[in-house]
Amino acid sequence: MTDTISREQLLADVDRYLDSFPPHLAELAMLLKQDMAASASPTGQLYDLFTGATDPPLLTLHTWLLDDFAVPGDERRVLLERHVWLSMFFAAAAILARESICSELAALDARAVVLAQLLAQESSRHLALIFPVESALWPIYHSCWGLHAESAVADHTPVSGEEGLRRAAGRLAPLKIPAAAAALAAERSDLLPRIMEILDDVCVVLQVLHDVSTIRRDIQWGRQTYPVVRALQAAGMASGQPATPDGVLAALMLTGVVAAIGRECLARLDACKTIASEVCLPSLSAYCERLAGPVREMIGLFSLRPQQEPSQPATSGSSLTFAPPINALDTAIKMAEGYLLADLTFRESWEIQRQGLLGKAEVIGRPFPAGSIIELLCREGHKLGEQVDEIAQLLAANGYRYFDHPGAVLPDIDDLGLLLRLVPYAADPQTYRELLQPPLRLLESQIGESGAIPVWLTEGDAPAHLPGVILWGADCIATQANLLLGLIAYDWAAYQGQIERSAAHIFGRYLDSGLGANHYYVPLYAQWILLTLVRQLNSRPVSASTAAILAEAQASLAARLDQECRRPAPTPQDAALLALACSSIDLPLSLAWRTTLIKRQRYDGSWAAEPLYITGTRGGLATWYSSRSFTTALCYSALKAYAREGAQSS
């Protein structure tokens, strides 16, 4: 870079452009800049982008060549350096944005598609300011991006042989664009074939170094890179055959594959230096010599008896670092567990109303949200008997009501169903048999002949202070399904007849009205609960009439689920509920939902609160209950379903 322009000035140009974005895009761009610095800067600072020993010289190559061509540092050169540098910066940013969308490790998701498009457009705009449409640069430009795209879409295809290796190295093909820009600006197009020949081999070496450094992660993620395929072949294993990171690393060490690959890379670099000397490009010759340092280090690291060649000392600062293997799914599960188990009162989930609901300055609903989270954790094997006992005592004390204030509302079947489902996880389930008899007798007294179960349970007349309209309806198929799941878990044999009658009512209502008959929960939650009930009943000996309506309901629910699965970009809770619904009927789980879950997880292991069920707000009107802990519990359960699916497939 000439003295008349600095990286600070160029990064200021970048910032000014990004500052023009609307807030939501600007937020994504801020994340992207940080990710660029973390992944492609040896210091973690954007100023040092692509200056590491094994980084492609994307931002400096054109200036090296301009120096080799003795282009004077006049205003024209400054303009050329500035726009090529900015073009390559924005090109690199667009590439990382697209890759981040597909990576579970990055926070950028599908919303960044527009950002990637804008960055790519800005990259081409800067080149268009100095190269007219008829310039010879543009065919090279489009060819390089074509090679990059071809390589990117073949990311999981086994790479073998020279052709496969060069295809993989096509990911770095945009490195040729600044070189072509410098040669054309210096009117040295005659050297372009030799320069491209050098850069083809340089890209191969850079790709090999990258693939060796990420080999543990690539094996973990199922990527069949060139070093992986060579190692498997040398060890007599077919490419695509299941292999562990440690197994491939052992094959690399014992077969001497890395030494062979390294010698091939050194031969390429020697050939490049020869060409560079012939065409008087000392900067490329010097770069190839520097790049040989990490290659020799790579050979030494994978040698059983590493030796440093006295005549070829390792280049200072050329240390080859290895990317650690990261199992994004396992990490996300552990993070979620850490969040959920940090506070076993689950206080964040409690519904605390301070806007005059039911004529009170403050009412608290604790047992149902906290107990529902406890249930989800118990299903995944966590021993929370003490917490189950506490929830049971709270529900018994308030008469199986949602709020912790006896008499504030009527008893409801959702709270009763929750306790019935929790009983098997109690330290001593038998202690609850007597405790549950009064609410179960009350329930039995209010079930209609059709099997319809009222949401709210009354003993005689409703208390005088309660409004005539019982909150938001007395009939909700999702709430009723939750109760039946409780009765199945509590005592199937004793309640089979009642369960079948009520199930016929629930699924009859669903077949008539769809999820319009669900009045309290978000639709995807209701869909999951109904599918869960179908599965529970199908696993038991039911009557022919019940089996018939179950088959009809399951077909309808499965068709609805298929439609929901086709919708784009769900929220994390949507993704979780879709995954849980598919898991309940043994359908494969979408990797896109898993990616959504992992990408949108917060750093503390939680997910942002999302609407789940109806509650009250000012003036007695309806709003949505939401809780970070409840949403997190659902997302955690979905991730565990992914882990089980992966364990079964392996």
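Residues numbered from 1 in each chain as written. Predicted model: local features only at pLDDT ≥ 70, side-chain atom pairs only at ≥ 80, totals over all residues. Heavy atoms only, no water.

**Q** Where do I start with the overall build of the protein in this structure?
**A** Each helix and strand in the protein was counted, giving 26 helices and four strands. Expressed as a percentage of the 650 residues in the protein, the buried residues total 53%. When contacts within the protein are restricted to residue pairs at least 6 apart in sequence, those whose partners lie at least 24 apart make up 70%. Carbon and sulfur atoms form 54% of the exposed surface of the protein, whose accessible area is close to 28,300 Å². (Helix = DSSP H or I, 4+ residues; strand = E, 2+ residues; numbered from the N terminus. Buried < 20%, exposed > 50% of the residue type's maximum accessible area, 1.4 Å probe, protein only. Contact = heavy atoms within 4.5 Å. Areas by Shrake-Rupley, 256 points an atom, 1.4 Å probe, with all protein chains shown as cover.)

**Q** Could you clarify how one ought to interpret the pairing of strand 3 (residues 611-616) in this entry?
**A** Consecutive side chains along a regular strand alternate between the two faces of the sheet. Burial of strand 3 is extensive: five of the six residues sit out of reach of the surface. As paired elements, strand 3 and strand 4 (residues 622-626) share five bridges and run antiparallel to each other. Following the sheet pairing, Ile-614 is matched in strand 4 by Trp-624. (Pairing = 2+ DSSP bridges.)

**Q** Explain the packing of aromatic side chains here, please?
**A** Geometrically, a pair of aromatic rings is defined through the distance of the ring centres and the angle of the planes. Overall, the coordinates contain 16 aromatic pairs when judged by the stated rule. A centroid spacing of 5.4 Å and a plane angle of 45° characterise the contact between Trp-64 and Tyr-287, whose relative ring orientation is tilted. Of this pair, Trp-64 sits in helix 3 (residues 61-68) while Tyr-287 sits in helix 14 (residues 282-301), placing them 223 residues apart in sequence. With a centroid separation of 5.6 Å and an interplanar angle of 85°, the aromatic rings of Tyr-525 and Trp-528 are classed as edge-to-face. Of the two residues, Tyr-525 and Trp-528 are both situated in helix 22 (residues 523-538); the distance of three residues between them amounts to about one turn of the helix. Since its relative accessible area comes to 7%, Tyr-525 is described here as buried. Above the ring of Trp-64, the side-chain terminus of Arg-290 is found at 5.4 Å from the ring centroid. (Phe/Tyr/Trp six-rings, centres within 6.5 Å; stacked < 30°, edge-to-face > 60°. Lys NZ or Arg CZ within 6 Å of the ring centre and 35° of its normal.)

**Q** Teacher, can you tell me more about helix 21 (residues 477-513) here?
**A** Helical periodicity: at 3.6 residues per turn, an α-helix aligns residues three or four positions apart in one direction. The terminal C-alpha atoms of helix 21 lie 10 Å apart, and with 37 residues this falls more than 12% below the ideal 54 Å at 1.5 Å per residue. Considering bend angle alone, the principal kink of helix 21 is centred on Trp-492 and spans about 135°. Once helix 21 finishes, Gly-514 follows within two positions and takes phi at roughly 65°, a positive value. (Expected span 1.5 Å × (residues − 1). Bend = angle between axes of the 7 residues up to and from the residue.)

**Q** Which parts of the structure should I look at to understand the packing of helix 9 (residues 192-213) against helix 13 (residues 257-278)?
**A** To describe two helices that pack against each other, one gives the angle between their axes and the distance between the axes. Taken N-terminus to C-terminus, the directions of helix 9 and helix 13 make an angle of 155°; their axes are 9 Å apart at the nearest point. Between helix 9 and helix 13, the angle is such that the two are roughly antiparallel. Seen along the crossing, helix 9 lies across helix 13 with a hand that is left-handed. Residues Arg-194, Glu-197, Ile-198, Asp-201, Val-204, Val-205 and Val-208 of helix 9 touch helix 13, and the partners they reach there are Ile-261, Cys-265, Arg-268, Leu-269, Cys-272, Ile-275, Ala-276 and Glu-278. (Axes fitted to C-alpha atoms, helices over the stretch in contact; angles between N-to-C directions. Parallel < 35°, antiparallel > 145°, perpendicular 65-115°, else oblique. Left-handed = near helix turned anticlockwise from the far one by under 90°.)

**Q** Help me understand the packing of helix 3 against helix 4 (residues 75-102) in this model?
**A** The interhelical angle for the contact between helix 3 and helix 4, taken along N-to-C directions, is 155°, at an axis separation of 9 Å. Comparing the axis directions of helix 3 and helix 4 gives the class roughly antiparallel. Touching His-62, Thr-63, Leu-66 and Asp-67 of helix 3 are Arg-77, Leu-80, Glu-81, Val-84 and Trp-85, all from helix 4. In terms of residue class, the contact of helix 3 with helix 4 is made up of four nonpolar, two polar and three charged. (Nonpolar A, V, L, I, M, F, W, Y, C, P; charged D, E, K, R; others polar.)

**Q** Teacher, can you tell me more about the pattern of salt bridges here?
**A** Charged atoms that come close allow side chains of opposite charge to pair. Scanning the entire structure with this criterion turns up 30 salt bridges. Note that Arg-230 and Glu-264 form a salt bridge whose closest N and O atoms lie 3.3 Å from each other. Highlighted residues: Arg-230 in helix 11 (residues 226-234) and Glu-264 in helix 13, separated in sequence by 34 residues. Relative accessible area serves as the criterion here: at 33%, Glu-264 is assigned to the partly exposed category. For the salt bridge of Arg-421 with Glu-375, the shortest nitrogen-to-oxygen distance reads 2.8 Å. Here Glu-375 lies in helix 16 (residues 367-379) and Arg-421 lies in helix 18 (residues 413-422), a separation of 46 residues in the sequence. One exposure class covers both Arg-421 and Glu-375, and it is buried. (Salt bridge = Lys/Arg side-chain N within 4 Å of Asp/Glu carboxyl O.)

**Q** Sorry, what's going on with the confidence of the model for the protein here?
**A** In the predicted model, the protein carries a mean pLDDT of 88, and the fraction of residues at 70 or more is 90%. Under a pLDDT of 50 for its full length, residues 308-317 has, in the predicted model, seven contacts with residues more than four places off or in other chains. Considering only residues more than four positions removed or in separate chains, one finds that residues 461-470, a stretch of pLDDT under 50, has nine contacts. (pLDDT = per-residue confidence, 0-100.)

**Q** Quick question: what am I supposed to make of the side chain of Arg-401 here?
**A** As for its position among the elements, Arg-401 is in the loop between helix 17 (385-397) and helix 18. Within the local environment of Arg-401, its side chain forms a polar contact with the backbone oxygen of Val-409, the two atoms lying 2.6 Å apart. (Polar contact = N/O pair within 3.5 Å; in protein donor to acceptor, adjacent residues only side chain to side chain.)

**Q** How should I be thinking about helix 25 (residues 591-599) in this particular structure?
**A** Here helix 25 has its buried residues at Trp-593, Thr-595, Thr-596, Leu-597, Ile-598 and Lys-599. The N-cap of helix 25, judged by a side-chain oxygen 3.1 Å from the amide nitrogen of Ala-592 a few residues on, is Ser-590.

**Q** Just to check I follow, could you spell out unusual backbone geometry for this structure?
**A** Trans peptide bonds make up most of the peptide bonds, and negative phi angles are found at most residues other than glycine. Within the chain, Phe-50 stands out as a residue other than glycine whose phi angle is a positive 60°. Along the polypeptide, Phe-50 turns up in the loop between helix 2 (23-40) and helix 3. Overall, the relative accessible area of 14% leaves Phe-50 in the buried class. With a phi angle near 55°, Ala-70 is a residue other than glycine that sits in the positive phi range. Counting through the fold element by element, Ala-70 comes out in the loop between helix 3 and helix 4. Under the relative-accessibility criterion, Ala-70 is labelled exposed at 62%.

**Q** It is not clear to me how the state of the cysteines should be interpreted in this structure. Could you clarify?
**A** Working definition of a disulfide: a covalent bond connecting the sulfur atoms of two cysteines. This structure, assessed with the given rule, holds zero disulfides. No disulfide involves Cys-144; its sulfur sits 8.5 Å from that of Cys-203, the nearest cysteine. (Disulfide = S-S within 2.5 Å.)

**Q** Got a minute to help me understand the environment of Leu-377 in this structure?
**A** With respect to the helices and strands, Leu-377 occurs in helix 16. In this structure Leu-377 comes out as buried when scored by relative accessible area, which is 1%. Through-space distance from the C-alpha of Leu-377 to that of Leu-340 is 8.6 Å; in sequence the pair is 37 residues apart.

**Q** I tried to follow the environment of Glu-150 on my own but got confused; where do I start?
**A** With respect to the helices, strands and loops of the structure, Glu-150 is situated in helix 6 (residues 137-153). By relative accessible area, which is 45% here, Glu-150 ends up partly exposed.

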